[in-house]
Amino acid sequence: MGLLLTGGTVFLEGRLCEMDLMADQGRIVSVSQTASSVIELHHDLVVPGFVDVHVHLREPGFSYKETVASGTAAAAAGGYTEVCAMPNLNPVPDTLEHLQVQLGLIQREARVRVCPYGAVTRGERGETLADLRAMAPYVAGFSDDGRGVQSEALMRRAMELARELDRPIVAHCEDESLLAKGWCVHDGVFARAHGLPGNDPASEWRQVARDLALVRETGCRYHVCHVSTKESVALIRQAKREGLPVTCETGPHYLVLCDGDLQEDGRFRMNPPIRAAADRDALVEGLLDGTVDCVATDHAPHAAEEKAGGLRGSLNGVVGLECAFPVLYTELVKPGKVPLETLLNALCIHPRKIFRLPGGELAEGQPADLTVLSLDCEPDLVAPETFQSMGRATPFAGRRVDAAVSMTLVGGEIVFQKNVKRSPAGRAAAKGGSRPEGGNV
């Protein structure tokens, strides 16, 4: 007998419905009157497990920053049942032999499902193509994340082969010829006020424009990583109107923050940088109109000393798996900027469709990969010292949040559970009163 989740609200076919779910032998089954375990959800929300298509698990090669075990524990704590792992590792997964090192670690250590990317080029050096054909059956797609592919001719060949193999190119778009030496923040008001070298938005959007022209030639499935500029949003919107096979993601920090929020602290340094308010607003609009398909954290942990040098002296990258949903709900959904259903589609549904990953439907026979969300908990603060991740650097540290992940199940097994403190309104709802405003509506 299986596990019965009762008394909750379920995200089903894009709508929120009051119903129960039962999982048995790793899959969703019809609701039954008997079960070996029954969990009362007290009006919590049950959704298909979150998917993050852009994380750095740092292993093999950089286990002092993160391991497969710690990174996937962080994913579970954030409600993620599957993540796609980037290839800037040692060895870089640019051949099947190198990829198998990573696959072995995933098989032994992962606490959630992990689908890796293969590199586009050997060693991610942008000089010769990696062995895409041999890796294709085992990867979500191909990416040189951390660097843009500078050669147009090489990117064209990669796209032609990726189309033949029916795998997407997942592009970190960055024209290195447009980068200021030693840049550390967006080239905007904050950079000029503090005398800091800035990152020109054109370094992103000009390479997006180049690659979209190549997609028109090749027909390759193409996904843009961590979109941060209003120009990139406009280019991708137009490409979709043309019917090109183009998708994209952005990160929580680009949707919530702008360069007016920056502080002299390494936890505010990432690539691409947090942009201007106009860019943030364009990304929110893109999420609302479907231009932006997914929200992905670009979870990129570093050792404490690597993030202790302020904006100039720290490495690029912040962590995000464990605070993404609470922050996004509090900052976007609760104030009415983004409907809850839109956010859930970007976290649960669209990533699976784009990368053809299993699950995403709360239907009989589907994998019992589920996330349980409490939208009526007492306000809390983002506390990096409590993270499962070995990384601690997040721009959201100390920020108030009004929602929490209370449980994560992978294959019907509980991989994370948290005792959430409910607000007075939430406790009333659990006793049969009305549901809290801004909650399961």
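Here, every reference points to the structure presented above.
Everything numeric in this text was worked out from a predicted model, so none of it was measured.

Draft legend 1. Representation of the packing of aromatic side chains in the model. A full pass over the atoms with the stated rule returns four aromatic pairs. Look at Phe50 and Phe325: their rings are 5.6 Å apart centre to centre, the planes differ by 40 degrees, and that puts the pair in the tilted class. Highlighted residues: Phe50 in strand E8 (residues 50-55) and Phe325 in helix H11 (residues 324-333), separated in sequence by 275 residues. When its relative accessible area of 0% is taken as the criterion, Phe50 is described as buried. With relative accessibility at 1%, the residue Phe325 sits in the buried group. What links up through ring pairs into an aromatic cluster is the set Phe50, Tyr80, Phe325 and Tyr329. In this arrangement the basic side chain of Arg269 is found over the ring face of Trp183, its NZ or CZ atom lying 5.7 Å from the centre.

Draft legend 2. Up close: the pattern of salt bridges. Counting across every chain of the model gives 20 salt bridges. A salt bridge links Asp369 to Arg113; the nearest nitrogen and oxygen atoms lie 2.6 Å apart. Here Asp369 is found in the loop between helix H12 (340-355) and strand E17 (370-374), whereas its partner Arg113 is found in strand E10 (residues 113-116), with 256 residues between them in sequence. By relative accessible area, Asp369 is classed as buried at 6%. The partner of Arg210 in a salt bridge is Asp211, and the shortest N-O contact between them spans 2.8 Å. Just as Arg210 is buried, Asp211 falls in that class too.

Draft legend 3. Molecular detail of the nonpolar core. By size, the foremost hydrophobic cluster in this structure holds 98 residues, and its most contacted members are Phe142, Ile169, Tyr222, Phe325 and Leu344. Not counting chain neighbours up to four residues away, the residues in contact with Phe325 comprise Phe50, Leu340, Leu343, Leu344, Leu347, Leu373, Leu375 and Ala403. Core analysis: the next-biggest nonpolar cluster, separate from the first, contains 17 residues, Cys17, Ile28, Ile39 and Ala368 among them.

Draft legend 4. Molecular detail of the pairing of E17. Counting buried residues in E17 gives five out of five residues, a clear majority hidden from the surface. Going residue by residue along E17, you find Leu370, Val372 and Ser374 tucked away on one face and Thr371 and Leu373 tucked away on the opposite face as well. As defined by bridge partners, strand E7 (residues 45-48) adjoins E17 across four bridges and the pair is classed as antiparallel. Directly across from Val47, in E17, lies its bridge partner Thr371.

Draft legend 5. Broad picture of the packing of H11 against H12. Between H11 and H12, whose axes approach to 10 Å, the crossing angle comes to 150 degrees. Here H11 is positioned roughly antiparallel relative to H12, judged by the angle of their axes. The crossing of H11 and H12 is right-handed. Where H11 abuts H12, its residues Phe325, Leu328, Tyr329 and Val333 lie against Leu340, Leu343, Leu344 and Leu347.

Draft legend 6. Inspection of the sheet that holds strand E1 (residues 3-6) at higher detail. Pairing is mixed in the open sheet, where four strands are placed in the order E5-E4-E1-E6. Each edge of the open sheet carries a strand with a single partner, namely strand E5 (27-29) and strand E6 (37-40). Within this sheet the neighbouring strands show an average axis-to-axis angle of 30 degrees, counted without direction. Direction of pairing for E1 relative to E6: parallel, over a ladder of four bridges.

Conventions used here
- Residues numbered from 1 in each chain as written.
- Predicted model: local features only at pLDDT ≥ 70, side-chain atom pairs only at ≥ 80, totals over all residues.
- Heavy atoms only, no water.
- Phe/Tyr/Trp six-rings, centres within 6.5 Å; stacked < 30°, edge-to-face > 60°.
- Helix = DSSP H or I, 4+ residues; strand = E, 2+ residues; numbered from the N terminus.
- Buried < 20%, exposed > 50% of the residue type's maximum accessible area, 1.4 Å probe, protein only.
- Lys NZ or Arg CZ within 6 Å of the ring centre and 35° of its normal.
- Salt bridge = Lys/Arg side-chain N within 4 Å of Asp/Glu carboxyl O.
- Core = buried A, V, L, I, M, F, W, Y, C linked by side-chain atoms within 4.5 Å.
- Contact = heavy atoms within 4.5 Å.
- Pairing = 2+ DSSP bridges.
- Axes fitted to C-alpha atoms, helices over the stretch in contact; angles between N-to-C directions.
- Parallel < 35°, antiparallel > 145°, perpendicular 65-115°, else oblique.
- Left-handed = near helix turned anticlockwise from the far one by under 90°.

Everything listed here is a matter of coordinates, which is why it stays silent on function.
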